[in-house]
Amino acid sequence: MEQELETAIGIRIRGLRMDKSLTLDDLANASGVSRAMISRIERGEASPTASLLARICAALGLSLSAFFAEKGEASPLARRQDQQVWRDPETGYMRRSVSPPGTGSDVDIVDVEFPPGARVSFPPHAASSGMTQHIWLFDGEMEMTAGETVYRLLPGDCLFMPVSEGHVFHNPGNTPARYCVVLDRRGR
């Protein structure tokens, strides 16, 4: 299943790149990711980290959530066993796309399990201008950096922040953190 998703990620990146008439060099220059790495990802030979994938998505004009949003038949119900799961190969951070696919909703819900000590940085990107997100922590603790401000979240806390500004997710604790991201794309 994981290999299928890695292959699908590569196919999706290549398709988006081709739709925008970008060469590998164009995408490499726009994302700051090497041409060789993008080529390996497109062929399913390399698994992109969350940070690397976010840079590629930003260069393609997408957020990470929009990248993972599945097209297909609209259904008001997304059963847990059918929800797409992706694990960052570098940190082990796991994201589950909870929102039902194909509904056309401007809101995406993502369930995240973040390992102890893990840190993921997402660069600022204009493609997400106006988009916002709520980070609602269920278990563990998280340090969220938005711009120059660091917020410490404990269970039950919810942080609202724009997506387009660079931000850092960090679990300073000794146990996994679990949180929900509610992404609102209406500002686009």
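Residues numbered from 1 in each chain as written. Predicted model: local features only at pLDDT ≥ 70, side-chain atom pairs only at ≥ 80, totals over all residues. Heavy atoms only, no water.

### A word on the side chain of Asp-108
Line of reasoning, step 1. Note on placement: Asp-108 falls in strand E3 (residues 107–114).
Line of reasoning, step 2. When neighbours within four sequence positions are excluded, Asp-108 is seen to be in contact with Ser-65, Ala-66, Ser-99, Val-181, Val-182, Leu-183 and Arg-185. (Helix = DSSP H or I, 4+ residues; strand = E, 2+ residues; numbered from the N terminus. Contact = heavy atoms within 4.5 Å.)

### Some points on the sheet that holds strand E9 (residues 167–170)
Line of reasoning, step 1. Ordered by their spatial adjacency, four strands build an open sheet running E4-E9-E6-E7, and the pairing between neighbours is antiparallel. Bordering the open sheet on either side are strand E4 (119–122) and strand E7 (149–153), each of which pairs with just one other strand. Here the average twist between neighbouring strands, direction ignored, is 15°. (Pairing = 2+ DSSP bridges. Axes fitted to C-alpha atoms, helices over the stretch in contact; angles between N-to-C directions.)

### A closer look at helix H2 (residues 24–31)
Line of reasoning, step 1. Taken residue by residue, H2 has Leu-24, Leu-27, Ala-28 and Ser-31 as its buried positions. The arc that holds every buried residue of H2, seen down its axis, measures 100°, which confines them to one face. Residues Asn-29 and Ala-30 are exposed on H2 and point more than 90 degrees away from its buried face.
Line of reasoning, step 2. Positive phi appears at Gly-32, one or two residues downstream of H2, with a value of about 80°. (Buried < 20%, exposed > 50% of the residue type's maximum accessible area, 1.4 Å probe, protein only. Arc of directions from axis to C-beta.)

### Some words on the packing of H2 against helix H3 (residues 35–42)
Line of reasoning, step 1. Relative orientation of the contacting elements H2 and H3 amounts to 115°, with a least axis distance of 9 Å. It follows that H2 is roughly perpendicular to H3 by the angle criterion. Taken as a pair, H2 and H3 cross one another with a handedness that is right-handed. On H3, the residues touching Leu-24, Asp-25, Leu-27, Ala-28 and Ser-31 of H2 are Arg-35, Ile-38, Ser-39 and Glu-42.
Line of reasoning, step 2. Residues of the contact of H2 with H3, tallied by class, amount to four nonpolar, two polar and three charged. (Parallel < 35°, antiparallel > 145°, perpendicular 65-115°, else oblique. Left-handed = near helix turned anticlockwise from the far one by under 90°. Nonpolar A, V, L, I, M, F, W, Y, C, P; charged D, E, K, R; others polar.)

Worth remembering: the numbers are spatial, not functional.
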